[in-house]
Amino acid sequence: MAGALAGIELNAANVEQAVLQFYQSSATQETHQWLTLAQISPQAWNFSWELIQPEKSPEVQFFGASCLAVKVSRSWSELKPEQYPALRKKLLDTIVSYAGSKIVLTRICVAVSGLVIHSVPDHWENPIQDLMNLFQPGITAENLRPLALLLELLTVIPEEFSTLLLPSQRRAQVRFHLSSSLQRVVQFLVQVLNQQTNSDVAVQAFKCVQAWVQFGVPLDESGDLIERLLAAVNDEELSDVAFEALSSMVTHPDTHKFPNHLMALLKRLLPLDRTMLDYIGEGRDRKSTRLNSSHARYL
């Protein structure tokens, strides 16, 4: 790349300086281009970790976390299989200990999600269960952070699967293994919704439901979940996410396998506000828009 930045080494100090410059009035197109190249460079595997340290500014941490998400999602082939365990440990240690802004934490969640998708099943046999085992013991009435983090991860994993470019055979393989965790996830979410009165937790749990519905929630085994969703449509804080989850349920191609249960659910939905019908009619467009906005990249 021509210009003053062309010969600058791609290391943590120089990237940090460029990020800070980018967010100041002196930002230039050249700085943007240099950071874009830095983000996809092989060196990003190394300097990203330094950028997300707690003493760094939020902007620098965000860029570092975004670099990790990009590298894991798009540059997996640069790694050797023997490097996978160390990367997994480092990412999980980071996400457990990170105490900064939520937007940075979400980017780290995207990196972990990419790791799950690329690793299952040969290099990570049961990632969903392992993540549940990692976070659930720390959940208490006084400390809901592990629960919020687990819900965020469980939401981002299927969303990342929807957007990540994968060969068709690999996509089918990953879908199969994520689908095999669907029942476990649904049971966990119902448990959360039955036990938690915190509205923020409930919203995230319903978002998680909506994300997993793409794998085809069996209507004949989902009575408890459906009851929770139907009850939430009358809650001002929860109605939007409940509508989205119900819409995705009834419009999923697999619902034809459960005609009686589908008809029973539709009979309960039809008396609801016209908004529900709008969600059903526009469900796929809404989902596409939401996923695209949630994965807007990165600068």
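Reading the values: the criteria
Residues numbered from 1 in each chain as written. Predicted model: local features only at pLDDT ≥ 70, side-chain atom pairs only at ≥ 80, totals over all residues. Heavy atoms only, no water. Helix = DSSP H or I, 4+ residues; strand = E, 2+ residues; numbered from the N terminus. Contact = heavy atoms within 4.5 Å. Areas by Shrake-Rupley, 256 points an atom, 1.4 Å probe, with all protein chains shown as cover. Expected span 1.5 Å × (residues − 1). Buried < 20%, exposed > 50% of the residue type's maximum accessible area, 1.4 Å probe, protein only. Arc of directions from axis to C-beta. Patch = residues over 30% accessible without salt bridge, like charges linked within 9 Å, V, L, I, M, F, W, Y side chains within 5 Å. Salt bridge = Lys/Arg side-chain N within 4 Å of Asp/Glu carboxyl O. Lys, Arg positive; Asp, Glu negative; His and termini not counted. Charge placed at Lys NZ, Arg CZ, Asp CG, Glu CD. Axes fitted to C-alpha atoms, helices over the stretch in contact; angles between N-to-C directions. Parallel < 35°, antiparallel > 145°, perpendicular 65-115°, else oblique. Left-handed = near helix turned anticlockwise from the far one by under 90°. Nonpolar A, V, L, I, M, F, W, Y, C, P; charged D, E, K, R; others polar. pLDDT = per-residue confidence, 0-100.

1. A closer look at the overall build of the chain
Working step 1: In terms of regular secondary structure, the chain is built from 15 helices and zero strands.
Working step 2: Of the contacts made within the chain by residues no fewer than 6 positions apart, 71% connect residues no fewer than 24 positions apart.
Working step 3: For the chain, the accessible area works out to roughly 14700 Å², and carbon and sulfur atoms hold 51% of it.

2. Digging into helix α5 (residues 84-97)
Working step 1: Spanning 14 residues, α5 covers 20 Å between terminal C-alpha atoms, matching the ideal 20 Å at 1.5 Å per step.
Working step 2: All of the buried residues along α5 are Y84, L87, L91, L92, T94 and I95. For α5, the arc enclosing every buried residue in end-on projection is 160°, short of the 170-degree limit, so these residues lie on one face. Exposed and facing more than 90 degrees away from the buried side of α5 are P85, A86, K89 and S97.
Working step 3: In this structure, the buried side of α5 is in contact with α3 (44-51), α4 (58-74), α6 (102-119), α7 (127-135) and α8 (145-163).

3. Comments concerning a negative patch on the surface
Working step 1: A grouping of D200, D235, E236 and E237 is seen on the molecular surface, where their side chains present a negatively charged patch.
Working step 2: Counting through the fold element by element, E236 comes out in the loop between α12 (223-232) and α13 (239-251).
Working step 3: Take E236: its relative accessible area is 76%, and that puts it in the exposed class.

4. A look at the packing of α5 against α6
Working step 1: One can describe the packing of α5 onto α6 by two numbers: an axis separation of 10 Å at closest approach and a directional angle of 155°. When the axes of α5 and α6 are compared, the pair comes out roughly antiparallel. Here α5 runs over α6; the crossing is left-handed. Contacts between α5 and α6 involve L87, R88, L91, L92, T94 and I95 from the former and L105, I108, C109, A111, V112 and L115 from the latter.
Working step 2: When grouped by side-chain class, the residues that make up the contact of α5 with α6 number 10 nonpolar, one polar and one charged.

5. Remarks on the environment of A12
Working step 1: Mapped onto the secondary structure, A12 falls in helix α1 (residues 12-22).
Working step 2: Judged by relative accessible area, A12 falls into the buried class, the value being 10%.
Working step 3: Linking A12 and A44, residues 32 residues apart in sequence, is a C-alpha distance of 8.7 Å.
Working step 4: Those residues in contact with A12, other than ones at most four positions away along the chain, are F47, E50 and L51.

6. Considerations on helix α10 (residues 182-195)
Working step 1: The end-to-end C-alpha distance of α10, which contains 14 residues, comes to 20 Å, matching closely the 20 Å that a straight helix rising 1.5 Å per residue would cover.
Working step 2: Taken together, the buried positions of α10 are L182, V185, V186, F188, L189, V190, V192 and L193.
Working step 3: The inward-facing, buried residues of α10 contact α7, α8, α9 (168-179), α11 (199-212) and α12.

7. Points about the confidence of the model for the chain
Working step 1: Per-residue pLDDT for the chain averages 87, and the proportion of residues at 70 or more is 88%.
Working step 2: Low pLDDT (under 50) marks residues 286-299, which in the prediction has 32 contacts with non-local residues, meaning those over four places away or in another chain.

8. What to know about the pattern of salt bridges
Working step 1: A complete count under the given rule lists six salt bridges for this structure.
Working step 2: Across the pair E152 and K102 runs a salt bridge, and its minimum N-O distance is 3.5 Å. Residue E152 is located in helix α8, and its partner K102 is located in helix α6; the two are separated by 50 residues in the primary sequence.
Working step 3: The partner of R268 in a salt bridge is E227, and the shortest N-O contact between them spans 2.5 Å. Highlighted residues: R268 in helix α14 (residues 259-269) and E227 in helix α12, separated in sequence by 41 residues.
Working step 4: According to the relative accessible area criterion, R268 is partly exposed, its value standing at 41%.
Working step 5: Exposure remark for E227: the relative accessible area of 39% places this residue in the partly exposed category.

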